[in-house]
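Observations on chain architecture
Below are the chains, spelled out letter by letter.
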Amino acid sequence: MTITPSFALIGLDSAETGFVVKNRIVCDDIETATQLAVSAYGSTAKAHEITFYPVTIGDLYINGSFFRKMADDQYEQIVSSGSYQEMITRLEAQNAEMAEELQAALDAICELYEMLSGSSTDV
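Described below are features of the structure shown in this document. (Residues numbered from 1 in each chain as written. Predicted model: local features only at pLDDT ≥ 70, side-chain atom pairs only at ≥ 80, totals over all residues. Heavy atoms only, no water.)

Points about the pairing of strand β2 (residues 19-26)
Along any regular strand the residues' side chains alternate between the sheet's two faces. Keep this limit in mind: Think of it this way: DSSP has to see at least two bridges between two strands before they count as a pair. Helix numbers and strand numbers start at the N terminus; a helix is a DSSP run of H or I with at least 4 residues, a strand a run of E with at least 2.
Both strand β1 (residues 6-12) and β2 contribute to a ladder of seven bridges, which runs antiparallel. Bridge pairing in β2 places Ala8 opposite Arg24. Adjacent in sequence and paired antiparallel, β1 and β2 are bridged by six residues, among which Glu16 carries a positive phi angle near 55 degrees. Across two bridges, the pairing between β2 and strand β4 (residues 60-62) is antiparallel. Across the sheet, the residue bridging to Phe19 is Tyr61, located in β4.

The structure is reproduced here in structure tokens:
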């Protein structure tokens, strides 16, 4: 499975006091994403990989971290939802669980079939 990275295009906010997420893109590499950020939002713009961060347009970017303004005017740091390896581990666990559920369903179907086929000979 190939995952194409997502990037936040980060530029100065309207008051030019700090950096804000201006857009999100899917791109093959950071260099291209950075070039797109600079061409769209000026020479101070940058790109940051957000493949495993639930970042949205308007979130703040401060010293390498993302923050979201909450309803009470407080800021909450946005944390990563994992890594490639953690995602693989989660998917493998889900796959094993689904395989067990499938086997249980197949066993139940076979048992039902045996019951039904056995009762049809008694009629």
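Moving on, there is more to tell.
Here we look at the packing of aromatic side chains
Our working definition: Here a Phe, Tyr or Trp ring, Trp counted by its six-membered ring, pairs with any other such ring whose centre lies within 6.5 Å, and the pair is stacked when the planes are under 30 degrees apart, edge-to-face when over 60, and tilted otherwise. Only protein chains enter the area calculation, which uses a 1.4 Å probe; residues under 20% of their type maximum are buried, those over 50% are exposed, and those in between are partly exposed. Geometrically, a charge over a ring is one whose NZ (Lys) or CZ (Arg) sits within 6 Å of the ring centre while staying within 35 degrees of the ring normal.
One pass over the structure, following the stated rule, counts two aromatic pairs. Each ring, one from Tyr61 and one from Phe66, has its centre 5.1 Å from the other, and the planes form 55 degrees; the classification is tilted. For the pair formed by Tyr61 and Phe66, the shared burial category is buried. Taken together, Tyr53, Tyr61 and Phe66 form an aromatic cluster joined through their ring pairs. Between the NZ or CZ atom of Lys46 and the centre of the ring of Phe19, over which it lies, the distance is 4.2 Å.

Examining the pattern of salt bridges
Close approach of charged atoms allows side chains of opposite charge to pair. What counts here: One side-chain nitrogen of Lys or Arg within 4 Å of one carboxyl oxygen of Asp or Glu is enough to make a salt bridge.
Applying the stated rule across the entire model yields two salt bridges. Across the salt bridge formed by Arg68 and Asp59, the nearest N and O atoms sit 2.8 Å from each other. The class for Arg68 is partly exposed, based on a relative accessible area of 26%.

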